[in-house]
Amino acid sequence: LAAEREAGITAGRVKFTVTWSFALRTSIDGKVTGPGVFGFQDVMAGVSDPSIAGYQPRASVQELTEAFRTRWVHGLNTQSPW
């Protein structure tokens, strides 16, 4: 977000995404455990409190929250043959 702002780029149709593993893990905040679901919770926890991941954002938590709400797409890699 800060890089977009510094480059004079306004948010448009570009979405942010990551594809999480279907592995059995516990989320960074310890709230959920299960196949695949940890990553979804990790992003939600990191957006609301970036320090949980040792990250110091150059954007405000409000800006991160708005970008998550309007530009985020979750994905899951199931390694299925379908």
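What this report covers is the structure whose coordinates are included nearby. (Residues numbered from 1 in each chain as written. Predicted model: local features only at pLDDT ≥ 70, side-chain atom pairs only at ≥ 80, totals over all residues. Heavy atoms only, no water.)

## Quick word on the packing of aromatic side chains
By the definition in use, this model includes 2 aromatic pairs. The interplanar angle of 70° and the centroid separation of 6.0 Å between the aromatic rings of Trp-20 and Phe-38 together place this pair among those described as edge-to-face. Taken together, the residues span a long stretch of sequence, with Trp-20 in strand β1 (residues 16-21) and Phe-38 in helix α2 (residues 37-48) at a distance of 18 residues. Taken together, a centroid distance of 6.2 Å and an interplanar angle of 40° make the contact between Phe-68 and Trp-72 tilted. Under the relative-accessibility criterion, Phe-68 is labelled partly exposed at 23%. (Phe/Tyr/Trp six-rings, centres within 6.5 Å; stacked < 30°, edge-to-face > 60°. Helix = DSSP H or I, 4+ residues; strand = E, 2+ residues; numbered from the N terminus. Buried < 20%, exposed > 50% of the residue type's maximum accessible area, 1.4 Å probe, protein only.)

## Some details on the packing of α2 against helix α3 (residues 61-71)
Running from amino to carboxyl end, α2 crosses α3 at an angle of 150°, the nearest separation of the two axes being 8 Å. Classified by the angle between their axes, α2 and α3 sit roughly antiparallel to one another. Residue-level contacts link Val-43, Met-44, Val-47 and Ser-48 of α2 to Val-61, Leu-64, Thr-65 and Phe-68 of α3. The class makeup of the residues in the contact of α2 with α3 is 6 nonpolar, 2 polar and no charged. (Axes fitted to C-alpha atoms, helices over the stretch in contact; angles between N-to-C directions. Parallel < 35°, antiparallel > 145°, perpendicular 65-115°, else oblique. Contact = heavy atoms within 4.5 Å. Nonpolar A, V, L, I, M, F, W, Y, C, P; charged D, E, K, R; others polar.)

## Describing the pattern of salt bridges
As enumerated under the stated definition, the model contains 4 salt bridges in all. Between Arg-5 and Glu-63 there is a salt bridge, with the nearest N and O atoms lying 3.2 Å from each other. Of this pair, Arg-5 sits in helix α1 (residues 2-7) while Glu-63 sits in helix α3, placing them 58 residues apart in sequence. Glu-63 gets classed as partly exposed once you look at its relative accessible area, which sits at 34%. Between Arg-58 and Glu-6 there is a salt bridge, with the nearest N and O atoms lying 2.7 Å from each other. Pair noted here: Arg-58 is in the loop between α2 and α3 and Glu-6 is in helix α1, with a separation of 52 residues, a long-range link. Arg-58 sits in the exposed class, given a relative accessible area of 52%. (Salt bridge = Lys/Arg side-chain N within 4 Å of Asp/Glu carboxyl O.)

By themselves, these observations are geometric and do not establish any function.
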